[in-house]
Structure formats: structure tokens, C-alpha cells
Amino acid sequence: QVQLVESGGGLVQAGGSLSLACAASGRTFSRYAMGWFRQAPGKEREFVAGISRTGDSTYYADSVKGRFTISRDNAKNTVYLQMNSLKPEDTAVYYCAAGQRIRGIATTVPIYDYWGQGTQVTVSS
């Protein structure tokens, strides 16, 4: 089993930057593809970015492409999300997720096995 703990959320003005981190427990972190999702009030949870087990492949939602960067450090059991040029519509609770069955990268919620508790990101206009 994997436990995920997100950190780094907060309040930022539009145009600003935030960096999120997700620390995983256990010694098998490199066996999991990782993803970042977000959920705004009254909306469904949506895919933001994903990264393969080795980190050699990444994929982004169109809404964040060119502004967000996902990365991972398997030696530190941590996945990161660097968010630049933030917009008010990026306001949401951000979750990291781990999936052991994923070959490559996955964008759908059900295929991920483990989820963090979420961290709030608020972008003011």
C-alpha cells in the first residue's frame, strides 16, 4: 500500500506561481505511474498532468499545457507539480494519485489506486 501526502498549496495572485509536492511512503514508488488531478467546488475531479514510472514521459491537460510542469524524483519518493502563470480558473483542491496498473500515463480517475488528501490552491484575480 502507498500513502500519499501533498504539500505546497496556498493563495496566490493571478500570474503567480506555486509548487506542489507529493511524498509517497514505501519502497516501491518507482513501480507507480503518477498523476495530478484537481477538483473545483461543484465540479468533477479532472486530470491535470501525468508522469510515467521512470519520468521519461509526461502528459498534460490542454488547460495547463505550457504553464504546468510535472516531475518526479524516485530516490526521494516524490512527485512535483510546478504551476506558473496561474489563473483564477486554476483554483481547486489538487490531488496526487498513484497507479500500479498503468502502462505509461493515464488520465482517468478510476485507474489510479491511491490518492492523497488534497491541497487547496486559490488564485485571486
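Just above sits the structure.
Residues numbered from 1 in each chain as written. Predicted model: local features only at pLDDT ≥ 70, side-chain atom pairs only at ≥ 80, totals over all residues. Heavy atoms only, no water.

**Topic: the overall build of the protein chain**
Then, in step 1: Each helix and strand counted, the protein chain has zero helices and 11 strands in total.
Then, in step 2: Listed by position from the N terminus, the elements making up the protein chain come as β-β-β-β-β-β-β-β-β-β-β.
Then, in step 3: Against the compact-globule benchmark of 14 Å for 125 residues, the protein chain has a radius of gyration of 13 Å, which places it among compact chains.
Then, in step 4: If you line up the protein chain on its principal axes, its C-alpha atoms span 40 × 25 × 25 Å. (Helix = DSSP H or I, 4+ residues; strand = E, 2+ residues; numbered from the N terminus. Rg over C-alpha atoms; globule rule 2.2 N^0.38 Å.)

**Observations regarding the nonpolar core**
Inside soluble globular proteins, nonpolar side chains tend to come together where they are buried.
Then, in step 1: Counting residues in each nonpolar core, the largest one holds 37 residues, and the members touching the most others are Met34, Trp36, Leu81, Met83 and Tyr94.
Then, in step 2: The element that contributes the greatest number of residues to this core is strand β9 (residues 92-99), accounting for five residues. (Core = buried A, V, L, I, M, F, W, Y, C linked by side-chain atoms within 4.5 Å. Buried < 20%, exposed > 50% of the residue type's maximum accessible area, 1.4 Å probe, protein only.)

**Things to note about the packing of aromatic side chains**
Then, in step 1: Scanning the entire structure with this criterion turns up six aromatic pairs.
Then, in step 2: One aromatic cluster is present, built from ring pairs that chain together Phe37, Phe47, Tyr59, Tyr112 and Trp115.
Then, in step 3: Against the face of Tyr95 rests Arg45, its NZ or CZ located 3.7 Å from the ring centre.
Then, in step 4: The ring of Tyr59 carries Lys65 above its face, with NZ or CZ at 5.9 Å from the centroid. (Phe/Tyr/Trp six-rings, centres within 6.5 Å; stacked < 30°, edge-to-face > 60°. Lys NZ or Arg CZ within 6 Å of the ring centre and 35° of its normal.)

**Digging into the side chain of Arg72**
Then, in step 1: Locating Arg72 in the fold gives a position in strand β7 (residues 68-73).
Then, in step 2: For the buried Arg72, which has no salt bridge, the nearest side chain bearing the opposite charge is Asp73, at an N-O separation of 8.2 Å.
Then, in step 3: A distance of 2.7 Å separates polar atoms of two side chains, one belonging to Arg72 and the other to Asn74. (Lys, Arg positive; Asp, Glu negative; His and termini not counted. Salt bridge = Lys/Arg side-chain N within 4 Å of Asp/Glu carboxyl O. Polar contact = N/O pair within 3.5 Å; in protein donor to acceptor, adjacent residues only side chain to side chain.)

**Some points on the sheet that holds strand β8 (residues 78-83)**
Then, in step 1: Overall, antiparallel pairing links the four strands, which are arranged β1-β3-β8-β7 in an open sheet. Every other strand in the sheet has two partners, leaving β1 (4-7) and β7 as the edge strands with one partner each. Within this sheet the neighbouring strands show an average axis-to-axis angle of 15°, counted without direction.
Then, in step 2: Judged from the six bridges that link them, strand β3 (residues 18-24) and β8 form a sheet pairing that is antiparallel. Across the sheet, the residue bridging to Leu18 is Met83, located in β8. (Pairing = 2+ DSSP bridges. Axes fitted to C-alpha atoms, helices over the stretch in contact; angles between N-to-C directions.)

**A closer look at unusual backbone geometry**
Then, in step 1: One non-glycine residue, Asn77, lies in positive phi territory at about 55°.
Then, in step 2: Within the fold, Asn77 resides in the loop between β7 and β8.

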